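# Close look at the chain arrangement
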2 protein chains.
Amino acid sequence: MSAPDFSVRELRAFVALVDLENFTRAAQAIHLSQPAYSALIRRLEETVGVRLFDRNTRRVSLTPEGRLFEPSVRQLLRDADRALADLGDQIELRKGRVHVAALPTISAGLLPAVFKEFRRSFPGIDLVLSDRLSEACIALVKEGRADFALVSNNARPGDLDELDARLLCRHHYHLVCPTHHPLLSEKRLTLRKIAQHPFIQMTRNNSVRQALEAAIHPRIMNTVLEVEHLGTVISMVNAGLGISVVPTFTLHQFQWPTIATRPLITPNLLRHIYVVRHRERSLSVASSAMLELIVRDLGRLQ
Amino acid sequence: MSAPDFSVRELRAFVALVDLENFTRAAQAIHLSQPAYSALIRRLEETVGVRLFDRNTRRVSLTPEGRLFEPSVRQLLRDADRALADLGDQIELRKGRVHVAALPTISAGLLPAVFKEFRRSFPGIDLVLSDRLSEACIALVKEGRADFALVSNNARPGDLDELDARLLCRHHYHLVCPTHHPLLSEKRLTLRKIAQHPFIQMTRNNSVRQALEAAIHPRIMNTVLEVEHLGTVISMVNAGLGISVVPTFTLHQFQWPTIATRPLITPNLLRHIYVVRHRERSLSVASSAMLELIVRDLGRLQ
DNA sequence: GCGCTTTACGCTGCGCGTAAGTATC
DNA sequence: GATACTTACGCGCAGCGTAAAGCGC
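This write-up is about the structure you can find in this document. (Residues numbered from 1 in each chain as written. Chains lettered and ligands numbered in written order. Predicted model: local features only at pLDDT ≥ 70, side-chain atom pairs only at ≥ 80, totals over all residues. Heavy atoms only, no water.)

### Digging into the interface of chain A and chain B
If you look at the interface, chain A gives 38 residues, while chain B gives 38 residues. Across the interface of chain A and chain B, roughly 3,400 Å² is buried in total on both sides, 63% from carbon and sulfur atoms. Summed over the shared surface of chain A and chain B, the result is zero salt bridges. Our count for the chain A to chain B interface comes out at ten residue pairs in polar contact (both at pLDDT 80 or more). Only α1 (8-20) and α4 (64-91) of chain A provide two or more residues apiece to the side of chain A that touches chain B. It is α4(A) that provides the largest number of residues to the side of chain A that touches chain B, a total of 15 residues. (Contact = heavy atoms within 4.5 Å. Buried area = accessible area lost by both parts, 1.4 Å probe. Salt bridge = Lys/Arg side-chain N within 4 Å of Asp/Glu carboxyl O. Polar contact = N/O pair within 3.5 Å; in protein donor to acceptor, adjacent residues only side chain to side chain. Helix = DSSP H or I, 4+ residues; strand = E, 2+ residues; numbered from the N terminus.)

### A few points about the protein's contact with DNA strand C
The full set close to DNA strand C counts 18 residues, and Arg9(A), Thr24(B), Gln34(B), Ser38(B) and Arg55(B) are the nearest of them. At the protein interface, 67% of the atoms of DNA strand C within 4 Å belong to sugar or phosphate. A distance of 2.6 Å separates a phosphate oxygen of DNA strand C from a polar atom in the side chain of Thr24(B). In this structure, a phosphate oxygen belonging to DNA strand C sits 2.6 Å away from a side-chain N or O atom of Arg55(B). For the surface near DNA strand C, the elements supplying multiple residues, two or more each, are α3 (34-48) of chain A together with α2 (23-30) and α3 (34-48) of chain B. Tallied by class, the residues present in the surface near DNA strand C amount to six nonpolar, seven polar and five charged. (Near = heavy atom within 4 Å. Nonpolar A, V, L, I, M, F, W, Y, C, P; charged D, E, K, R; others polar.)

### A few points about the protein's contact with DNA strand D
In the vicinity of DNA strand D lie 18 residues, with Thr24(A), Gln34(A), Ser38(A), Arg9(B) and Ser33(B) positioned nearest. Of everything in DNA strand D that lies within 4 Å of the protein, sugar and phosphate atoms constitute 73%. In the environment of DNA strand D, a phosphate oxygen lies 2.6 Å from a nitrogen or oxygen atom belonging to the side chain of Arg9(B). Looking at the surface near DNA strand D, its residues break down into six nonpolar, seven polar and five charged.

Any link to function would need more than the numbers given here.
In structure tokens, the structure reads:
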């Protein structure tokens, strides 16, 4: 049992002869000398095991077996062309899908501009954004559902076994408080000083909270309130209930006349943003383009 | 714009690597040395224009583009295998169709036994029999609807331009008459003697009638009745209305105690049976087998 | 160091073009 | 004899196997 083999080119040659009914002209169409073309047809007939054409000087026509073979061949050629075209579309960024998983702060702060530009450049590519907390983002990448994730620095090393985390950027955190808050007159704004004031905290699994708690350990923040969403933080600070600390990407949401922001220039409190992806699974062309755009935009911001 | 080319073999190599996730084992499956196999995959990637596999020592896995390509490839392989299998079935006489056009006398006298044997040997092949007069048979072949025709000798040469008629056999005609008819005691039975007796004639376009009229020209038969079907001839002879002349293949229908038959050994009255087919269009394997069987059966009869 | 893939390299033969041969009208 | 396919023949390179070299655990 030997597996018979033939090439797309041979099939193209076959249909050329079916259509043109003439070896000489079909040979030209395939860009081959006539004898070479003749041999090619003969080889194809040998591989399929049956004469496909009746030929004499006057006329070239299909045998009954050739007539049976023809529709299959045309179908094969259509499918082959289609497969290559699909691949080409994907490569040329005319089609495809990019699935990014990112922290809510990054999703809201960085990605809108990036996605807008990406969509303008590659309108045929479907975009999916999963705005979740770090662990969920990483899980999506691990499952292969997201192409890459943009997360912060508190991912557990164990989670990264088969994944690869590359540092994308480092940002300071920022104090957000009512204007005229006493902290604003501090020369060196430290976390320890901040910890003395009533603080609006995020939920336990939030990466900002985890970073803060790690930085001030073994002390603790003066937490007066624990909320889930950043919008709530804004309102609470605005209402004078307390102060908070937020990452750079959220700052644009705190541009109120009643709220002031100051960067926290402390060496042990930096927000590291990582790109997490499969270690040994390459990105699609579209995903690479997206990542490139993200890096470029980030450079523009800093 | 260059048409990219690849072979079925390359696609088989592709799926082997997808399934086995290991170059060495996939190479064995394809019966190639590992370096040669590696080069083959590389060539395929070059022709499609994108890396299809992520490989390092530990793991081999599809890229996003490879993942897109995979289902297309499997479909292509299925279709290619199917096309070859169909062709093989046709060649091995497991499937197919044979369409024979034949004179009613041949259809009823010769073909039942042949078709029975053919069907026993090749039960997967569909059989079509058009039992018509010569002209209609030849028209079917000319249109390409029938594979070949079995007709008698009065086909016009003009009708045969693109067709090829090969003599299959020659038979005598036979007198059919009531037992004890005076003609039966004739030593040399000639058409001229028959013409004197009341004669049951077939319709004008019947090949037997045309042969008779040509043979006795410029005399004419003593026609008492003109009928369409052979069964009617039988009944009329049986009833004593007249005598008739029929071809060999119909004789089995005249085996009545009241009817006698005698061959007409006259040199100018011979029934030539021809196989008519397209001059430059080969027969399908199944049709050839059928024709071969016909020739063989004919040999057995004589 | 071990397992797996890639690179290096020589060789064989497939498949090409040119030219001559053959068949059909 | 003109036209069109087939055969003959030499040549180049694609693609093979063997051997050696990277490379990631």
